[in-house]
Amino acid sequence: MIHTKTGSNRRILTFPAVQPCKSISVTTLLDSLIQLAGDILTFKQKHFSTNKRSFQKTIRQIQNLAIVLEEIRIRVGSPRRYFPGVSSLSEIHVIFQKLKFLLEDCTRDGARLCMLMSSDQVSDHLRVLTLSISTSLSAFPVSFVDLPSEVNEVIGLVVQQAREHVVRPDSDDKKVIASVNGVLALFENRVIPDPDEINRILDRVGVRTWGDCLKEINFLGEEIDAERLENKKKNNNSNARVELLSSLMGFICYCRCVILNKRDHHHHHHHDESELRVHEDLIRGIKVEDLLCPISLEIMTDPVVIETGHTYDRSSITKWFGSGNITCPKTGKILTSTELVDNVSVSHVIQKHCRANGVVLEINGRKRKSHGDVAPDSLAAKGAGRLIARFLTSELLTNGDEEMVYRALREIRVLTKTGSFNRSCLVEAGCVSPLLNLLTSEDSRIQENAMAGLLNLSKHVAGKGEIAGEGLGIIVEILNEGAKTETRLYAASALFYLSSVEDYSLLIGEHPDAIPGLMRIVTGDEYGDSAKRNALLAVMGLLMQSENHWRVLAAGAVPALLDLLRDEETGGELTADCLATLAKLAEYPDGTISVIRRGGLKLAVKILSSSEVSPGVKQHCVGLVLNLCLNAGNDVVGVLVKDSVVMGSLYTVISNGEYGGSKKASALIRMIHEYQERKTGSVEPSFQRGRFIHAW
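Cut-offs and rules
Residues numbered from 1 in each chain as written. Predicted model: local features only at pLDDT ≥ 70, side-chain atom pairs only at ≥ 80, totals over all residues. Heavy atoms only, no water. Patch = residues over 30% accessible without salt bridge, like charges linked within 9 Å, V, L, I, M, F, W, Y side chains within 5 Å. Areas by Shrake-Rupley, 256 points an atom, 1.4 Å probe, with all protein chains shown as cover. Salt bridge = Lys/Arg side-chain N within 4 Å of Asp/Glu carboxyl O. Lys, Arg positive; Asp, Glu negative; His and termini not counted. Charge placed at Lys NZ, Arg CZ, Asp CG, Glu CD. Helix = DSSP H or I, 4+ residues; strand = E, 2+ residues; numbered from the N terminus. Buried < 20%, exposed > 50% of the residue type's maximum accessible area, 1.4 Å probe, protein only. Polar contact = N/O pair within 3.5 Å; in protein donor to acceptor, adjacent residues only side chain to side chain. Core = buried A, V, L, I, M, F, W, Y, C linked by side-chain atoms within 4.5 Å. Contact = heavy atoms within 4.5 Å. Expected span 1.5 Å × (residues − 1). Axes fitted to C-alpha atoms, helices over the stretch in contact; angles between N-to-C directions. Parallel < 35°, antiparallel > 145°, perpendicular 65-115°, else oblique. Left-handed = near helix turned anticlockwise from the far one by under 90°. pLDDT = per-residue confidence, 0-100.

A few words on a negative patch on the surface. Taken together, the side chains of Glu502, Asp503, Glu510 and Glu547 make up a negatively charged region of the molecular surface. For Glu547, the location among the structural elements is in the loop between α23 (529-543) and α24 (549-554).

Moving on: the side chain of Ser441. Locating Ser441 in the fold gives a position in the loop between α17 (432-438) and α18 (444-457). Under the relative-accessibility criterion, Ser441 is labelled buried at 19%. A polar contact is formed between the side chain of Ser441 and the backbone nitrogen of Asp443, at a distance of 3.0 Å.

Working note: α-helix, 3.6 residues per turn, so residues spaced by three or four point in the same direction. In terms of burial, helix α25 (residues 557-566) is largely enclosed, as 7 of its 10 residues are buried. For α25, every residue scored as buried is listed here: Ala557, Val558, Ala560, Leu561, Leu562, Leu564 and Leu565.

What follows concerns a positive patch on the surface. Positive charge collects at one region of the surface, where Lys44, Lys57, Arg60, Arg168 and Lys174 lie side by side. Following the sequence through the fold, Arg60 ends up in helix α2 (residues 52-76). Since its relative accessible area comes to 46%, Arg60 is described here as partly exposed.

What follows is about the nonpolar core. Counting 190 residues, the largest nonpolar core has Phe96 and Phe251 as the members making the most contacts within it. Counting residues per element, this core draws most heavily on helix α10 (residues 240-262), at 13 residues. Among residues more than four places away in sequence, those in contact with Phe96 are Leu33, Leu36, Ala37, Ile40, Ile62, Leu65 and Leu69. Leu292, Ile306, Trp320 and Ile350 belong to the second largest nonpolar core, which has 17 residues in total.

Positive phi, close to 60 degrees, is recorded for Leu13, a residue that is not glycine. Inspection of the secondary structure puts Leu13 in the loop between β2 (9-10) and α1 (26-41). A relative accessible area of 11% means that Leu13 is categorised as buried. In this model, Arg190 sits at a positive phi of 55 degrees, which is unusual for a non-glycine residue. Along the chain, the position of Arg190 falls in the loop between α7 (171-188) and α8 (195-205). Overall, the relative accessible area of 44% leaves Arg190 in the partly exposed class.

Our next topic: helix α5 (residues 119-138). A rise of 1.5 Å per residue sets the reference length of α5, with its 20 residues, at 28 Å; its end C-alpha atoms lie 29 Å apart and thus fit the reference within 8%. Among all positions of α5, only Ser119, Val122, Ser123, Leu126, Leu129, Thr130, Ile133, Ser134, Ser136 and Leu137 are buried. Those residues of α5 hidden inside the fold are in contact with α2, α3 (86-106), α4 (112-117), α6 (149-164) and α7.

Bringing the packing of helix α20 (residues 485-498) against α23 into the picture now. One can describe the packing of α20 onto α23 by two numbers: an axis separation of 8 Å at closest approach and a directional angle of 30 degrees. Overall, the two elements α20 and α23 adopt an arrangement that is roughly parallel. Judged by the twist between their axes, the crossing of α20 over α23 is left-handed. Along its contact with α20, which presents Leu489, Ala492, Ser493 and Phe496, the element α23 presents Ala531, Asn534, Leu537 and Ala538.

With that settled, consider the pattern of salt bridges. Counting across every chain of the model gives 28 salt bridges. Put simply, Asp31 and Arg73 hold a salt bridge, and the shortest N to O gap is 2.8 Å. Here Arg73 lies in helix α2 and Asp31 lies in helix α1, a separation of 42 residues in the sequence. For Asp31, a relative accessible area of 40% gives the class partly exposed. We classify Arg73 as partly exposed; its relative accessible area is 23%. We note a salt bridge from Lys100 to Asp39, for which the minimum N-O separation is 3.2 Å. Residue Lys100 is found in helix α3, and its partner Asp39 is found in helix α1; the two are separated by 61 residues along the sequence. Several salt bridges converge on common partners, so that one network encompasses Arg11, Glu223, Glu227, Glu230 and Arg241.

A word on the environment of Ile155. If you trace the backbone, Ile155 turns up in helix α6. When its relative accessible area of 6% is taken as the criterion, Ile155 is described as buried. Distance from Ile155 to Asn64, taken between C-alpha atoms, is 8.2 Å for residues 91 residues apart in sequence. In this view, Ile155 contacts Val68, Leu137, Val142 and Leu147; residues no more than four positions away in its chain are not counted.

Confidence in the prediction for the chain averages 84 pLDDT; 86% of positions are at 70 or higher. Low pLDDT (under 50) marks residues 3-8, which in the prediction has 6 contacts with non-local residues, meaning those over four places away or in another chain.

Glancing now at the packing of helix α14 (residues 379-396) against helix α16 (residues 420-428). For the pair α14 and α16, the least separation of the axes is 8 Å and the interaxial angle reads 45 degrees. Regarding the angle of α14 to α16, the classification is oblique. The two elements α14 and α16 meet at a crossing, and its hand is right-handed. Each of Ala381, Lys382, Gly385, Arg386, Ala389 and Thr393 in α14 lies in contact with α16, whose residues at this interface are Phe421, Cys425, Leu426 and Glu428.

Right under this line is the structure:
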């Protein structure tokens, strides 16, 4: 997919030309044609992925035609009401637009392999355009304009050349295409291709660095997504195009991981390192918190801006307004307008983040996967994936060459981050054991990338088993003593994924340094909100097993979380996670006692009564207060009754029931009513009084 300067997206080999309006003046039309011709001539020095000779001939014809247009512009002079050549010039204008689109496609970085494999289609398009130039120019009323004889000769020459121009793929193109198809056939049978043959292909296409491969992969991924979407709209079950694109994706991935890993190692090393850093910085630079809707606390699928300048997911803010609210959920400001404006920039950032991280978005109740999380659509791509996994695993076992090991780790990290199929291949290839061994490396880069790879593999079912079976102890050690902050955070996230399995959750909880290590991240000043939230997610995962409850309390979770909530700089998402964790701890009497004795009820009521917190935060706050009521009984309910704002806040939560918590809010309201009625002696209580606790 081509991203234009205007921000619109255009599929390759599509030409959305605009027809000049009928009332356009001839001088304006000629000026535009001359500008377009100049744009086309700028492609003369660019690298063509295919049909290079044919394009060079066409550009020479445009160069001659530009001279003719300049001369006509001079002769026409001032604007005229009527000029018989406008129709022909308008047709040429449309042809020039289409030709420019075609030139953009065939010189685009990232689309080189794809365009090479589309050589025949490119030839067909170019043939039609050159013939159209001849036809339109032949219809131009030369006699109406007093042109010099040499200019008339140029017109005749261009017409003749355009008619006689034989457009076909270069012979070199056909040879390279045959080579690519041969390599793909080997991939289908899981046979390692000749590296020299692949190097010849890469040289011909112009893909020479890790960054070049990354551009090709991103482009192919976008094309696969677009092709699938188009097929779905047309109810077309044909997968031929998707299969080809998937095969090319496998080819380029193999080139990046295997061939460029060996080729000109020292020459390209520093260049590739900077490209990798830029790629990773772009991904790291995106704060996930900024992509979450302040109402639903989920990644936005359709971000829109309201009057206050804050961005929300369209469905969430629409429901907010539909419930009768006319305020900004984040600031509480009363709005004079409920108009929604698409936030295109945030939408693009979300798409980039999801592609880079294999994030699955849910739209209208259906999950939409990024291209990286979908299994390859061709045998060639699957075969290439398995060959890559085998190669990279063997590279990890290289003794003495730390640089080679690091480069292999870098590739494993990228591959495992963007696709479940790649994770499966690497686990099958026996990658887990060498990665665990590399965690003891004194090289902080190796340790960090090995832990990042293990984190991604912990998302795979078989990967979980191998990691928990062999490496739980070393991962907890990295959590507490990893050389870099990032490495420790990767260890925390890995524990979160492992904790989704009951047996592994119990093993993690039993390790004496696991939960304290996670809580050190939650309380550490050197960690940002995102890191704290990841550690809290891991703690929440462990709390799914009741056996870990007392261990989390013993690690000082309650006072730590309450201190975070009291911090005025605490963000909404971190606040929600703190409340959710406290609510989980308060499900048991000892957790309730700990929360109340440290002033947790007073703080929860304050948050619940605030007009500045999001509905998502209030949902978790209601959950905490309800658990406190269930375990501490009238002592807590009596406190709620004394605060006149609480009841209104609970009704607000009910009005936004789609975010969850409405049932819990209703239960609290019922408890408050029954408490008040019982005080007057008119009704028996429907809940038992808990143990005596000084709630305030």
